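# Results of the structural survey
This is what each chain is made of:
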Amino acid sequence: MLTEVIQAADDDMNAAVERAVSLLLDGDVVALPTETVYGLAADAFSPAAIAKIFASKERPLFDPLIVHIASRRDLASVAQVPESIASVVAQLADAFWPGPLTMILPKSDAIPDLVTSGLATVAVRQSAHPVMRAVGKKLGRPLAAPSANRFGRISPTSASAVLKELDGKIPLIIDAGACSQGLESTIISIEPREGKKPIFRLHRAGPITKEQLQEFGKVEKPVLGDLHQPHAPGQLASHYAPRTPFFLIEHAQDFRPEPGKKYGLLCYRGNPADPHVACHDWAQMEALSPGTGKLAEAAVRLFYSMRLLDEAGLDAIIAEPVSETGLGVAIMDRLRRAAHDFSPPA
Ligand code: TXA
Ligand code: MG
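Only a predicted model underlies this, so the values are computations on that prediction, with no experimental measurement involved. (Residues numbered from 1 in each chain as written. Chains lettered and ligands numbered in written order. Predicted model: local features only at pLDDT ≥ 70, side-chain atom pairs only at ≥ 80, totals over all residues. Heavy atoms only, no water.)

## What about the site of ligand 1?
- Near ligand 1, the surroundings consist of 25 residues, among which Thr36, Arg59, Asp63, His68 and Ser185 are the closest.
- Arginine 59 places a side-chain nitrogen or oxygen 2.8 Å from an oxygen atom of ligand 1.
- Here ligand 1 loses 97% of its free accessible area of 680 Å² to cover by the protein chains.
- Counting residues per element, the ones that place at least two in the shell around ligand 1 are strand E4 (66-68), strand E6 (121-125) and helix H9 (233-236).
- At three residues, E6 tops the list of elements feeding residues into the shell around ligand 1.
- Among the residues making up the shell around ligand 1, the classes are represented as twelve nonpolar, eight polar and five charged. (Near = heavy atom within 4 Å. Polar contact = N/O pair within 3.5 Å; in protein donor to acceptor, adjacent residues only side chain to side chain. Areas by Shrake-Rupley, 256 points an atom, 1.4 Å probe, with all protein chains shown as cover. Helix = DSSP H or I, 4+ residues; strand = E, 2+ residues; numbered from the N terminus. Nonpolar A, V, L, I, M, F, W, Y, C, P; charged D, E, K, R; others polar.)

## Examining the sheet that holds strand E14 (residues 284-287)
- Spatial strand order, E12-E15-E13-E14: four strands in an open sheet with parallel pairing. Of all the strands in the sheet, the pair left with one neighbour each is strand E12 (246-248) and E14. Strand-to-strand twist across the sheet, computed as the mean angle between neighbouring axes with direction ignored, equals 20 degrees.
- Alignment of strand E13 (residues 263-267) against E14, held across four bridges, turns out to be parallel. Within E14, the position partnered with leucine 265 by the bridge is methionine 285.
- In the packing of helix H11 (residues 295-310) onto the sheet, the strands contacted are E12, E13, E14 and strand E15 (316-319), and the crossing angle to E14 comes to about 175 degrees.
- Contacting E12, E13 and E15, helix H12 (residues 328-338) runs over the sheet at an angle of about 130 degrees to E12. (Pairing = 2+ DSSP bridges. Axes fitted to C-alpha atoms, helices over the stretch in contact; angles between N-to-C directions. Contact = heavy atoms within 4.5 Å.)

## Digging into the pattern of salt bridges
- Applying the stated rule across the entire model yields 22 salt bridges.
- Of the charged contacts, one joins lysine 169 and glutamate 58 as a salt bridge, the two residues approaching to 2.7 Å between their closest N and O atoms. With lysine 169 in the loop between helix H7 (159-166) and strand E8 (172-175) and glutamate 58 in the loop between helix H2 (47-57) and E4, this residue pair connects regions lying 111 residues apart in the sequence.
- A salt bridge links arginine 72 to aspartate 94, with the shortest nitrogen-to-oxygen separation between them at 3.0 Å. In this pair, arginine 72 is assigned in the loop between E4 and helix H3 (75-78) and aspartate 94 in helix H4 (residues 83-96), connecting sequence segments 22 residues apart.
- A relative accessible area of 58% places aspartate 94 in the exposed class.
- Each member of the salt-bridge network shares a partner with another, and the members are Arg150, Arg153, Glu165, Arg307 and Asp310. (Salt bridge = Lys/Arg side-chain N within 4 Å of Asp/Glu carboxyl O. Buried < 20%, exposed > 50% of the residue type's maximum accessible area, 1.4 Å probe, protein only.)

## Thoughts on the domain arrangement of the protein
- With domains assigned, the protein is organised as domain 1 (4-175) and domain 2 (246-338).
- Summarising the inter-unit geometry, the C-alpha centres of domain 1 and domain 2 are found 30 Å apart.
- The partner domain 2 presents six residues to the nine residues of domain 1 that form the contact.
- Looking only at domain 1, the three residues that lose the most surface to domain 2 are Ile154, Thr157 and Lys164, adding up to 66% of its buried area.
- Across the contact surface, domain 1 and domain 2 share three salt bridges.
- Connecting domain 1 to domain 2 are three residue pairs in polar contact (both at pLDDT 80 or more).
- A class-by-class count of the residues in the side of domain 1 that touches domain 2 yields four nonpolar, two polar and three charged. (Domains from an automatic or database assignment. Buried area = accessible area lost by both parts, 1.4 Å probe.)

In structure tokens form, the structure reads like this:
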């Protein structure tokens, strides 16, 4: 299969949107930009189209997909929001939609079991990206879309990254440049409490931070061993992984290079005086936030920098930790899951 790439520059978005919609109406998959990462989209109501997502990503069927709605009104077609959480769902949607928050809600009958891997819940979000919104609106149906990478690999934050992952496996990529957030959406489920703010179970840290969510409820970890949880590889096993062995090393003095090996460094600022930068003659170095030193810049550059290092022919990649506050929580989560010696929390 030939993979076509169409630019969706502001002045010519319509042609790209129309091409995407015509493929989706035919039951095909299309890679589309969102504000977080590029997604591989298909008609969420069509099991045959959904099956193509799993096949082209080589994704196991037990890992459920996120459904994207084009407008708040469409929520009722994909989820059955219980009365007990209706007001907090509305508050969260008011505050964070369209945007990088995904809510796990009881699914509607219209959502095929394939989308949710047989779970009774569906993960829903409304993307803020103009292309994703325009395609969803024109199609008039919700879009199931996981990140547009092969299973277990680094999420794509540009059309060229999607092409590297899925060239020849999908018919179309809409190129709208780099993603503005760079990390996958924050995922929560919601538990109501009598007379108190609800509990939000944080299934995946992301651009909407714990601090932002705390205004509306109490943020806690998911309950391990809960039968309603999917065996979600994005949450449990090593994931977001480069092919090159990747190690997160907290203290620079703990790094023991083997002679003759080529090491790359994924660092935060790249300041020559920083211990991680100074401790070795790195074959290649990528800084997450060389400009502002801000976590938002680091988030945008994280997967891009991991890809650059992965493509550099190194023997191993060493990563410097970032401060685990605000957006840094999501960045550290991705670094840990990419690491070779990562084992899921007990
Ligand atoms: O930002 C994003 O969320 C991107 C863009 C494309 O929207 N999508 C994304 O999808 O990251 P994916 O498939 O790579 O990650 C979705 C995660 C998986 O870890 C999956 O297990 C979890 O969401 N998930 C989906 N449905 C779920 C459910 N019903 N209950 C619990 N987790 C669920
Ligand atoms: Mg993914």
